[in-house]
Amino acid sequence: MSQGFIIFLTVGVIVAYFIMGFVGEIQDADDDLLTDQMMVEKEDMSYHKQDVIGQTVLIFKNESFAKELGIWNRSPLHQEFMHYFPNFLLMKSFINDRVVDKSFQQKFIQKVIKIEDAYFAGEISLMEAKIKLNSIRADD
């Protein structure tokens, strides 16, 4: 064998070793992120229950409004809520029917009313109202 081929083979093995290590680190980081996401989803689903007529409802357990709002935003109920837009009356009724927590209902509906008033006063457009409703934050 020639000396050039041996050097080429040695360099190739070293580069392959570093690439495999790098790929392994990326995969481990991805698995950690996936595991964290799955844990959040599992925790979120513990707040979802079926009511008497088979509808999914959110039942909060004395959490902070910010945490409840995060669970709400990740919930499939949030997407169902957004389907009622721009019928604000149905949206508020949906919150009262499908969320079992008076404190959350009151705070959330106040934020919806604020957006509704701005929309009907012409201060924000239809698209801006939808964006604001889709991204309500605890500190708004």
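The model shown is predicted, which means the values in this text are computed figures rather than measured ones. (Residues numbered from 1 in each chain as written. Predicted model: local features only at pLDDT ≥ 70, side-chain atom pairs only at ≥ 80, totals over all residues. Heavy atoms only, no water.)

Peer 1: Which parts of the structure should I look at to understand the sheet that holds strand β1 (residues 48-50)?
Peer 2: Each strand in a sheet pairs with its neighbour through backbone hydrogen bonds, running either in the same direction (parallel) or in the opposite one (antiparallel). Pairing is mixed in the open sheet, where three strands are placed in the order β1-β2-β3. One side of each edge strand has no neighbouring strand; the edge strands of this open sheet are β1 and β3 (99-100). Two elements, strand β2 (residues 56-59) and β3, share two bridges in a ladder whose sense is parallel. Its bridge partner being in β3, Ile59 is matched across the sheet by Val100. (Pairing = 2+ DSSP bridges. Helix = DSSP H or I, 4+ residues; strand = E, 2+ residues; numbered from the N terminus.)

Peer 1: Honestly, the nonpolar core in this entry has me stumped. Any pointers?
Peer 2: The tendency in soluble globular proteins is for nonpolar side chains to be buried side by side. In this structure, Leu58, Trp72, Phe81, Phe104, Phe108 and Leu133 are the most contacted members of the largest nonpolar core, which totals 26 residues. Put simply, the parts of the chain that give this core at least two residues each are α2 (65-74), α3 (76-82), α4 (88-98), α5 (102-120) and α6 (126-134). Looking at this core, the element that brings in the most residues is α5, giving six residues. Setting aside residues no more than four positions away along its own chain, Phe108 makes contact with Phe65, Leu69, Trp72, Phe81, Ile95 and Ile136. (Core = buried A, V, L, I, M, F, W, Y, C linked by side-chain atoms within 4.5 Å. Buried < 20%, exposed > 50% of the residue type's maximum accessible area, 1.4 Å probe, protein only. Contact = heavy atoms within 4.5 Å.)

Peer 1: Help me understand the confidence of the model for the chain, please; the structure alone is not making it clear to me.
Peer 2: Across the chain, the average pLDDT comes to 85, with 92% of residues at 70 or higher. Ranking the elements of the chain by mean pLDDT puts helix α1 (residues 3-45) last with 75 and α4 first with 94. (pLDDT = per-residue confidence, 0-100.)

Peer 1: Can you help me understand the pairing of β2 in this one?
Peer 2: The two faces of the sheet receive side chains in turn, since in a regular strand these alternate between them. Note that β1 and β2 share three bridges and pair antiparallel. Its bridge partner lying in β2, Gln50 is registered against Thr56. If you look at the hairpin formed by β1 and β2, you'll find five residues sitting between the two strands, and Gly54 has a positive phi there, around 90°.

Peer 1: Can you help me understand the packing of aromatic side chains in this one?
Peer 2: The geometry of an aromatic ring pair is captured by two quantities: the separation of the ring centres and the angle between the planes. A full pass over the atoms with the stated rule returns 14 aromatic pairs. Ring plane angle 65° and centroid distance 5.8 Å describe the contact between Phe88 and Phe120, whose orientation is recorded as edge-to-face. Residue Phe88 is located in helix α4, and its partner Phe120 is located in helix α5; the two are separated by 32 residues in the primary sequence. Classification of Phe88 as buried rests on a relative accessible area of 2%. Among the aromatic residues, ring-to-ring pairing joins Tyr47, Phe60, Phe65, Trp72, Phe81, Tyr84, Phe94, Phe104 and Phe108 into one connected group. Its end group placed over the ring of Tyr47, Lys61 keeps NZ or CZ at 4.8 Å from the ring centre. (Phe/Tyr/Trp six-rings, centres within 6.5 Å; stacked < 30°, edge-to-face > 60°. Lys NZ or Arg CZ within 6 Å of the ring centre and 35° of its normal.)

Peer 1: It is not clear to me how unusual backbone geometry should be interpreted in this structure. Could you clarify?
Peer 2: In this chain, Phe85 is followed by Pro86 through a cis amide linkage whose omega measures 10°. Checked against the element boundaries, Pro86 lands in the loop between α3 and α4. One non-glycine residue, Asn62, lies in positive phi territory at about 55°. Mapped onto the elements of the fold, Asn62 is located in the loop between β2 and α2.

Peer 1: Can you help me understand the packing of α2 against α5 in this one?
Peer 2: Helix packing for two helices is described by the angle between their axes and how far apart those axes are. One way to put it is that α2 packs onto α5 with a least axis distance of 11 Å and a crossing angle of 70°. Compared by their axis directions, α2 and α5 come out roughly perpendicular. Between α2, through Phe65, Glu68, Leu69 and Trp72, and α5, the contact on the second element is made entirely by Phe104, Lys107, Phe108 and Lys111. Here the contact of α2 with α5 is built from residues that sort into five nonpolar, no polar and three charged. (Axes fitted to C-alpha atoms, helices over the stretch in contact; angles between N-to-C directions. Parallel < 35°, antiparallel > 145°, perpendicular 65-115°, else oblique. Nonpolar A, V, L, I, M, F, W, Y, C, P; charged D, E, K, R; others polar.)

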